[in-house]
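In case you want the letters, here they are:
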Amino acid sequence: MPHEIDLAVEDERWETAIPDLESLVIRAVEAGLAIVPENPAGPVAVSIVLTDDAAVRELNRTWRGKDKPTNVLSFPAASQPRHLEAATPLGDVVLAYETLVRESAEQSKPLQNHLAHLLVHGTLHCLGQDHEIGEAEADAMEALEVAALATLGIPDPYA
């Protein structure tokens, strides 16, 4: 059974701005899943929501106490026993259109590359990676992101 990647596009601008959007999302999430040292045993289910700054701002305010939009939010699923007949829920990754467009322009990076990077980043968070607990963890997560993106032919976003 393959991984289940559920894509919800809440803002049509995503589909206009990025050709083959669904394919890019699937490839980026699968690259993130494949790169972790403790690769998930069996198939997982990941929900990706492509929305706008207003929706992300509301989620950020509600769940993190930060009243501002951000580029990506990850909501890892609670650990659950594995069932052989179903994919294990991994979590949700939510991305804000306006913030990603602005950041990609500021960083002179193609929007699709920036989206792929943040999809990998969010997927790694759902897998338990955390860059906010220390420099060593941040370096390790960054290395995983760079390696995953390289499998997609995307250059190091930190260079």
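Within any chain, residue numbers begin from 1 and follow the written order of that chain's sequence. Where totals are concerned, whole chains, interfaces and linings use all residues; where local detail is concerned, this predicted model gives features only for residues with pLDDT of at least 70, and gives and counts side-chain atom pairs only at 80 or more. With hydrogens and water set aside, each side-chain value is computed from the structure's full complement of heavy atoms.

The name recorded for the protein in an unreviewed UniProt entry is Endoribonuclease YbeY, from Methylobacterium mesophilicum SR1.6/6. UniProt positions are given in the numbering used here, feature names are shortened, and annotations may be inferred rather than shown by experiment. Looking at the protein in UniProt, the text filed under Sequence similarities (unreviewed entry) is "Belongs to the endoribonuclease YbeY family." According to the UniProt record, the Subcellular location (unreviewed entry) comment for the protein reads "Cytoplasm".

Undergrad: Give a description of the overall build of the protein that names residues and reports values.
TA: Each helix is a run of H or I in the DSSP string that is no shorter than four residues. Each strand is a run of E no shorter than two, and both are numbered from the N terminus. Helix and strand content of the protein: 6 helices and 4 strands. Starting at the N terminus, the α and β elements of the protein follow one another as β-α-α-β-α-β-β-α-α-α. Against the globule reference of 15 Å for 159 residues, the protein gives a C-alpha radius of gyration of 15 Å, in line with a compact fold. Dimensions of the protein, computed from C-alpha atoms along their principal axes, come out at roughly 45 × 35 × 30 Å. Sorting the 159 residues of the protein into buried and exposed places 40% on the buried side. Restricting the contact set of the protein to residue pairs at least 6 apart, pairs at least 24 apart contribute 65%. The accessible surface values rely on the Shrake-Rupley method and a 1.4 Å probe; as for residues, cover is taken only from the protein chains in view. Entry remark: accessible area of the protein is about 8,300 Å², with carbon and sulfur atoms responsible for 51%. Between the two quantities, the radius of gyration covers C-alpha atoms and the globule rule is 2.2 Å times the number of residues to the power 0.38. Remark: exposure states derive from per-residue accessible area (1.4 Å probe, protein chains only) relative to the maximum for the residue type, with buried under 20%, exposed over 50%, and partly exposed in between. By definition in these notes, contact holds between two residues if any of their heavy atoms fall within 4.5 Å.

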